[in-house]
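As a plain string of letters, each chain reads:
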Amino acid sequence: MNIIPQPKKFEKICGSFKIDGDCFIFCDEQFKVQAERLVRMIESSVNVNVEFTDEIDSAKIIFSKYEECGKEDYFVMLSQDILTVKFSDMTGCFYAVETLRQLFGLDKKREIISCDNCYIEDSPKFSHRGLLIDVCRHFYGSDVLKQIIDLMSQVKLNKLHLHLSDDQGFRVQIDKYPLLNTVSSSRDGSEVVRNGKRYVEELPHGGFLTKDEIRELVVYAAERQVDIIPEIDIPGHSVAALAAYPEFCCTGQVTEVRKQWGISKDILCAGNDSTYDFVRDILDEVSDLFPSEYFHLGGDEAPKDRWCNCKLCRERLSELQLQNFDELQTHMVEVFRKYLESKGKTVICWNDGLTASSDKEIVSQVWKPLADSDGVKDANSGRKVIMSQHFNLYFDYPYAMTPLCKTLRFKPLKGVNKANCQNVLGVEGCLWTEYVDSSDKLFFNLLPRLDALAEVAWGYRSKNFAKRLKNRMETYDNLGLIYNGKALNIKKRKFGVIKKYLNKDANIELNVYLNRQ
Ligand code: ACM
Ligand code: ZN
């Protein structure tokens, strides 16, 4: 068996099943789009024609709806020369086809297609199986995002979190504030670690997703059972927007889109009513584009230095009788949470942006363990959580810092009380792109971590991951993608490589892999 993620139940049965020219396929009209995908996969792998039939008795491949199957679940049975697929919804049917793609190795040209008989029963443990792509620090457009969606869907990942606004770039078309797509969507240089040093390279970088591109991407993702969750990060990580509209920060003095990485003290002013209008207008346009039930409001890394020194922020603090500026952030987020709730959205925030008084409906995306907030504490306190612990699930770090096995070994429910396990919505890997300046680097850092992420997020991690991964790597080869084929050999941290990554060459691992050194 060579499937990633490991299915819930797999049993081998005597005999084998061959797909040949005598194979007819039967499928209810409603799900034919999935059966047709399977037919296309077969035809591109082997030179046989699989035809549809209306008579179930003459079919060798049978797709049938089975009401007792749960959402996203499916069964596959190969026995006595019949392949039967059962599911109750489009997602389950889609996933069954993805399992067959891997089971028969359909990504590769073959002389014959056959496989040992087996019985598969499958159902995900977690509903949120996500990946964050930061398109701000370096912009990646629709084509790369579509490739990522394809790869995600093959391993049953279902949430693409797009980080659309940050200090270094604003990446979504907003009609009401056109400067967000001129001034805020490009910068004059970027911090690099190269040639043995860290410096700002004065080279323009920019781009943004147009509304038409997003609408197309959302449909493309939905066809692959992937939901796209937008993130507009507030009140911090807002320098790019403030460079165009400095009237919405406390000092009125942000002049350019940030070239360096790290954390800026310039954040949205929480005491100025017009800031709230500005954000609401952006949320209107962005939420119209993304049908997802979730909307991410960021909230991370928002230093309060400017608020402490701002007359309007101080006045707002005392008007609202708040204890401190963290509570003012909680108030600000609550204003927008309520606004988004009125549009049917559930808000997600990074865990460091939440306080004890943050509304209980806000989902905590836990990246940073804190004294009063980590995945376990948040879930046990009754809050819904998404696990993105940076030690395990940050894919921008080099493999020398976060080896594949650290991702694979992550246990999303460890320490969570049984009664609160349902609060763990799932797991999300994060690919921040400060030092990811090419799609080669993007795929090198992502693959095969995406497979480990899927194994953890689907929930039935099994010991023979390495053997199963070989098949995924064959697929990456066939697609001509760059990936870290040696990722499994890295068993622990390599401090020498980390030091070089930080001080001399941020692309050290990719360059070694490509033999550039
Ligand atoms: C984060 O890494 N600042 C969420
Ligand atoms: Zn202010």
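You'll find the structure just up there.
These numbers come from a predicted model, not from an experiment.

1. Some remarks on the sheet that holds strand β20 (residues 385–387)
Part 1 of the reasoning: Spatially, β8-β9-β16-β17-β18-β19-β20-β21 is the arrangement adopted by the eight strands of the closed barrel, whose pairing is parallel. Across this sheet, the average inter-strand angle for adjacent strands is 30°, counted without regard to direction.
Part 2 of the reasoning: Across five bridges, the pairing between strand β9 (residues 159–163) and strand β16 (residues 227–234) is parallel. Across the sheet, the residue bridging to lysine 159 is aspartate 227, located in β16.

2. A look at the nonpolar core
Part 1 of the reasoning: Core analysis: the largest hydrophobic core is formed by 109 residues, its most contacted members being Ile232 and Leu297.
Part 2 of the reasoning: When residues in this core are grouped by element, the largest group, seven residues, is from helix α6 (residues 273–289).
Part 3 of the reasoning: When residues no more than four places from it in sequence are discounted, the contact partners of isoleucine 232 are Leu164, Ser165, Phe170, Val172, Ile282, Leu283, Val286, Phe295, His296, Leu297 and Gly298.
Part 4 of the reasoning: One finds Phe31, Val50, Val97 and Cys115 within the second-largest nonpolar core, a separate group that totals 38 residues.

3. Digging into the coordination of the zinc ion (ligand 2)
Part 1 of the reasoning: At this site the zinc ion (ligand 2) is bound by Cys250 (SG), Cys269 (SG), Cys310 (SG) and Cys313 (SG), with donor distances of 2.3 to 2.4 Å.
Part 2 of the reasoning: With four donor atoms in place around the zinc ion (ligand 2) and angles of 105 to 113° between them, the coordination shape is tetrahedral.
Part 3 of the reasoning: Counting the intervening residues between successive donors of the zinc ion (ligand 2) yields the motif C-x18-C-x40-C-x2-C. Placement of the pair is cysteine 269 in the loop between α5 (239–244) and α6 and cysteine 310 in the loop between α7 (305–308) and α8 (311–319), with a sequence separation of 41 residues.
Part 4 of the reasoning: Given a relative accessible area of 7%, cysteine 310 falls into the buried group.

4. Structural notes on the state of the cysteines
Covalent bonding between the sulfur atoms of two cysteines is what defines a disulfide.
Part 1 of the reasoning: Applying the stated criterion across every chain, the model contains zero disulfides.
Part 2 of the reasoning: Cysteine 136 carries a free sulfur, and the closest cysteine sulfur to it, the one in cysteine 430, is 13 Å from it.
Part 3 of the reasoning: Judged by its relative accessible area of 0%, cysteine 136 is buried.

5. Considering the pairing of strand β18 (residues 346–350)
Part 1 of the reasoning: Counting buried residues along β18, four of its five residues qualify, which places the element largely inside the surrounding structure.
Part 2 of the reasoning: Sheet topology note: the β18/strand β19 (residues 363–366) ladder contains three bridges and is parallel. The residue bridging tryptophan 350 from the neighbouring strand is glutamine 365, located in β19.

6. Comments concerning the sheet that holds strand β4 (residues 61–65)
Part 1 of the reasoning: One open sheet accounts for seven strands, arranged β1-β7-β5-β6-β4-β2-β3; its pairing is mixed. Either end of the sheet is taken by a strand with one partner, and the two such strands are β1 (9–19) and β3 (51–52).
Part 2 of the reasoning: Of the pairings in the sheet, the one linking strand β2 (residues 24–27) to β4 comprises three bridges and is parallel in character. Across the sheet, the residue bridging to phenylalanine 26 is isoleucine 62, located in β4.
Part 3 of the reasoning: Sitting on the sheet, helix α2 (residues 90–103) touches β1, β4, β5 (74–79), β6 (82–87) and β7 (113–122), and the angle it makes with β5 is about 40°.

7. Points about helix α3 (residues 142–154)
Part 1 of the reasoning: Helix length check: α3 (13 residues) gives 18 Å between terminal C-alpha atoms against 18 Å at 1.5 Å per residue, within 8%.
Part 2 of the reasoning: α3 sits mainly inside the fold: 10 of its 13 residues count as buried.
Part 3 of the reasoning: Among the residues of α3, those classed as buried are Ser142, Val144, Leu145, Lys146, Ile148, Ile149, Leu151, Met152, Ser153 and Gln154.

8. What about a positive patch on the surface?
Part 1 of the reasoning: A contiguous patch of positive charge on the surface is contributed by Arg409, Lys411, Lys414, Arg461 and Lys491.
Part 2 of the reasoning: Position of lysine 491 relative to the elements: it lies in the loop between α15 (465–479) and α16 (495–503).

9. Overview of unusual backbone geometry
Part 1 of the reasoning: Backbone torsion omega between isoleucine 4 and proline 5 reads 0°, so that peptide bond is classified as cis.
Part 2 of the reasoning: Residue proline 448 is reached from leucine 447 by a cis peptide bond, and omega for that bond is 10°.
Part 3 of the reasoning: Relative to the assigned elements, proline 448 resides in the loop between α13 (439–446) and α14 (449–458).
Part 4 of the reasoning: Here the phi dihedral of lysine 156 falls at roughly 65°; this positive angle occurs in a residue that is not glycine.
Part 5 of the reasoning: Structurally, lysine 156 is set in the loop between α3 and β9.
Part 6 of the reasoning: Of the residues examined, lysine 156 reaches a relative accessible area of 0% and is grouped as buried.
Part 7 of the reasoning: Phi is positive for glutamine 321, close to 55°, though the residue is something other than glycine.
Part 8 of the reasoning: Assessed through its relative accessible area of 68%, glutamine 321 is described here as exposed.

Rules behind the numbers
Residue positions are given per chain, counted from 1 along the sequence in the order it is written. Starting at A for chains and at 1 for ligands, labels are handed out in the order in which the entities are written. The model is predicted, so local features are restricted to residues of pLDDT at least 70 and side-chain atom pairs to those at 80 or more, both for listing and for counting; the totals for chains, interfaces and linings are taken over all residues. Excluded from the side-chain calculations are hydrogens and water; all other atoms, namely the structure's heavy atoms, are used. Pairing between strands is defined by DSSP: at least two bridges between the two strands are required. Numbering goes from the N terminus for both helices and strands, where a helix is a DSSP run of H or I of at least four residues and a strand is a run of E of at least two. As a rule, the C-alpha atoms of each element are fitted with a line to give its axis, helices using only the stretch in contact, and angles between N-to-C directions run from 0 to 180 degrees. Residue types Ala, Val, Leu, Ile, Met, Phe, Trp, Tyr and Cys, when buried and joined through side-chain atoms within 4.5 Å, form a set referred to as a nonpolar core. Partly exposed residues are those whose accessible area sits between 20% and 50% of the maximum for their type, while under 20% is buried and over 50% is exposed, using a 1.4 Å probe and protein chains only. Pairs of residues are marked as contacts when any of their non-hydrogen atoms sit within 4.5 Å. Each metal's donors are the N, O and S atoms found within 2.8 Å of it, except that Na, K and Ca use a 3.2 Å limit; water is left out, so coordination can look incomplete. Under this scheme a four-donor centre is tetrahedral when all angles range from 85 to 135 degrees, a four-donor centre is square planar and a six-donor centre octahedral when opposite donors are above 155 degrees with the rest from 65 to 115, and any other centre is irregular. Pairs of cysteine sulfur atoms within 2.5 Å are what we label disulfides. Given the number of residues in a helix, its expected span is that number minus one, multiplied by 1.5 Å. A patch is a set of surface residues, each over 30% in relative accessible area and not in a salt bridge, joined within 9 Å for like charges and within 5 Å for the nonpolar side chains Val, Leu, Ile, Met, Phe, Trp and Tyr. Surface accessibility in these figures is a Shrake-Rupley result with a 1.4 Å probe; residues are shielded only by whichever protein chains are displayed. Any Lys or Arg side-chain nitrogen located within 4 Å of an Asp or Glu carboxyl oxygen qualifies as a salt bridge. A residue counts as positive if it is Lys or Arg and as negative if it is Asp or Glu; His and the chain ends are not included. Charge placement uses NZ in Lys and CZ in Arg. For Asp and Glu, CG and CD serve respectively.

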